[in-house]
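# Residue-level structural notes
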Amino acid sequence: MANMVRRLAAAALAGLAVATLAACGGSGGAGPNPSPAPVPGATPNGRLTIGIPFDEPGIGVKDGTSYRGFDVETATYVAKALGVPEANITWKAATGGDREQLLQSGQVDLIFSTYSITDARKQVVDFAGPYFVAHQDLLVRRNDEEITGPETLNGKDLCAVSGTTSAANVLARYQGRIRLKEFSRWSDCVQALADSQVDAATTDDVILAGFAAEPQYRGVLKLVGKGFSDEVYGVGIRKGNTELRDKVNAALKQYVADGSWRSALNITVAPSGYKIPDPPNPGSA
């Protein structure tokens, strides 16, 4: 009887140990492999400063001293693969208009901030990835039946963030037909829409879906749901740092292959109702 009690106690302790280990992941531990194999020598000082959005629900949000969202999960995973624990990451706000400058000035090592890969940007920064493909769309007020796509925006006030592909796309395609109002943050655009200061806001559908699902906007705003561009997200890296680019690409490949990519999206983005797409092919940027 005593032997049986000892065996049962040992089994209970073993189960507790497994449960404790399973609960110990940080924000980067959403997937089945929360501790990717690190790349020796990837970061000589064992620290990284990473630019992310601070006000994009589901993607990157600063909440007090904590950070959450898909770009945060992705950055944390990649950092771990480079040998940098979450505690050694310094997060810095990276908004639409300042991402290139942050990299060029050395204020950040990497940028994970819904950063669409374009030929123009490739002239001044390097990209790893892609790690996600979104589509530019429109956010309108819930009772608006007139705006059903960009072709119905004639004479309307449209909000976008300056320095983004969203603003550039609108100016290139619809200049003269749409009055474009530019703000420095997406949250300002969305609030202006809710306050009837503009008729619509435009950026990537995954960002707009996150805002529409926020408690203060649920039932107030809606996503039109007719994407009119491909926005291929990459990791911004200072121009010429091909060694770091290659190591980030290797980490992103592992991120997709081990299931962590999809798990992170299911936790951060899927609750907004956004349909999770198939993963892209990292390294093809």
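Quantities reported herein were computed from a predicted structural model and do not represent experimental measurements. Every chain is numbered on its own, with residues counted from 1 as its sequence reads. The predicted origin of the model limits local features to residues at a pLDDT of at least 70 and limits the giving and counting of side-chain atom pairs to 80 or more, whereas totals for whole chains, interfaces and linings rest on all residues. Only hydrogens and water are set aside when side-chain values are computed; all heavy atoms of the structure are taken into account.

## Digging into the pattern of salt bridges
A side chain with one charge may pair with a side chain of the opposite charge, provided their charged atoms come close. The criterion, for reference: We count a salt bridge whenever a side-chain nitrogen from Lys or Arg sits within 4 Å of a carboxyl oxygen from Asp or Glu. The rule is simple: take the accessible area with a 1.4 Å probe, protein chains only, and divide by the maximum for that residue type; under 20% is buried, over 50% is exposed, in between is partly exposed. Secondary structure counts use DSSP, requiring at least four H or I residues in a row for a helix and at least two E residues in a row for a strand, with both numbered from the N terminus.
Scanning all chains against the criterion turns up 10 salt bridges. Close ionic contact of arginine 68 with aspartate 63 constitutes a salt bridge, the shortest N to O distance being 3.3 Å. Since its relative accessible area comes to 45%, arginine 68 is described here as partly exposed. Measuring nitrogen to oxygen at the nearest pair gives 3.2 Å for the salt bridge that ties lysine 239 to aspartate 126. Of this pair, lysine 239 sits in the loop between strand 13 (231-238) and helix 8 (242-257) while aspartate 126 sits in strand 7 (residues 125-134), and the two are 113 residues apart along the sequence.

## Some points on the packing of aromatic side chains
Aromatic ring pairs are reported here in terms of the distance separating the ring centres and the angle at which the planes meet. So the rule is basically this: Pairing of aromatic side chains here covers Phe, Tyr and the six-membered ring of Trp, requires ring centres within 6.5 Å, and sorts the geometry by plane angle: under 30 degrees stacked, over 60 edge-to-face, intermediate tilted.
Here the structure, examined in full by the defined rule, presents 11 aromatic pairs. Where phenylalanine 70 meets tyrosine 131, the ring centres are 6.0 Å apart and the plane angle is 45°; that geometry is what we call tilted. Of this pair, phenylalanine 70 sits in helix 2 (residues 70-81) while tyrosine 131 is found in strand 7, placing the two residues 61 residues apart along the sequence. Like phenylalanine 70, the residue tyrosine 131 is buried in the burial classification. One aromatic cluster in this structure is built from Phe70, Phe112, Tyr131, Phe132, Tyr233, Trp261 and Tyr274.

## Points about helix 9 (residues 260-268)
We apply this condition: Here, the arc refers to the directions that run from the helix axis to the C-beta atoms. Contact criterion: two residues are considered in contact whenever any of their non-hydrogen atoms come within 4.5 Å of each other.
Listed as buried for helix 9 are Ser260, Trp261, Ala264, Leu265 and Thr268. The arc that holds every buried residue of helix 9, seen down its axis, measures 135°, which confines them to one face. Where helix 9 is buried, its residues touch helix 2, strand 7 and helix 8.

## Comments concerning the nonpolar core
What counts is decided by this rule: Within this scheme, the nonpolar core is defined by two criteria: the residues are buried Ala, Val, Leu, Ile, Met, Phe, Trp, Tyr or Cys, and they are joined through side-chain atoms within 4.5 Å.
Counting residues in hydrophobic clusters, the biggest one holds 56 residues, and the most contacted among them are Ile50, Phe70, Leu110, Phe132 and Val248. Top contributing element to this core by residue count: helix 2, with seven residues. Among all residues touching valine 248, those that are not within four sequence positions of it are Val78, Leu82, Leu110, Ala128, Val235 and Ile237. Counting 10 residues, the second-largest nonpolar core is a separate cluster that includes Ile147, Leu153, Tyr174 and Ile178.

## A look at the environment of alanine 167
Within the secondary structure, alanine 167 sits in helix 5 (residues 165-174). The class for alanine 167 is buried, based on a relative accessible area of 3%. Sequence separation of alanine 167 and leucine 180 is 13 residues, and the distance between their C-alpha atoms is 7.9 Å. Ignoring sequence-local partners within four residues, the contact set of alanine 167 consists of Ala160, Val161, Leu180 and Glu182.

By themselves these figures say nothing about function.
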